[in-house]
Amino acid sequence: GALEVLSRQAMEVFFERQGECVNKLPWQAWGEDYFMGKCLDMLGVPGLPDFTILGDNRCTGAVCGDGIMAAYHPFKDIASWFDCWGQATVAQEAATYTPVPQTSLKIGLRQ
């Protein structure tokens, strides 16, 4: 998938028991995301789909400047990746910007 978010507990189970997956699953032709999903399923770690954290241009649209998604996909060439990153960065900075109160601007000024 375009984005996988894993809890610390899920990763601890995976690192402790990944050998079981390697030995029991026919993983050789799988991608890493498919392997991880199947492995965690086999180990009893439940998955939870969340389609609200990824701006996916293939399925739901990727508005890089919306400031609400954790990631945007797919932007595989350098120019489109940097364009999306720039839009997302500007949106993030705008969301965290705190204007200086007008009263503090007068400190130190002579009247």
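Conventions we followed
Residues numbered from 1 in each chain as written. Predicted model: local features only at pLDDT ≥ 70, side-chain atom pairs only at ≥ 80, totals over all residues. Heavy atoms only, no water. Core = buried A, V, L, I, M, F, W, Y, C linked by side-chain atoms within 4.5 Å. Buried < 20%, exposed > 50% of the residue type's maximum accessible area, 1.4 Å probe, protein only. Helix = DSSP H or I, 4+ residues; strand = E, 2+ residues; numbered from the N terminus. Contact = heavy atoms within 4.5 Å. Arc of directions from axis to C-beta.

1. With respect to the nonpolar core
Across soluble globular proteins, nonpolar side chains show a tendency to be buried alongside one another. Counting 10 residues, the largest nonpolar core consists of Ala10, Phe14, Cys21, Leu25, Phe35, Met36, Cys39, Leu40, Leu43 and Val45. Sorting elements by how many residues they give to this core places helix α2 (residues 32–42) first, with 4 residues. Residue contacts for Phe14: discarding those within four places in its chain leaves Phe35, Met36, Cys39, Leu40 and Leu43. Residues Ala62, Cys64, Phe75 and Ala88 belong to the second largest nonpolar core, which totals 6 residues.

2. Comments concerning α2
For α2, the set of buried residues is Phe35, Met36, Cys39 and Leu40. Across the axial projection of α2, the buried residues extend over an arc of 120 degrees, all falling on one side. Residues of α2 that are buried sit in contact with α1 (8–24). Among the residues trailing α2, Gly44 stands out with phi positive, at a value near 85 degrees.

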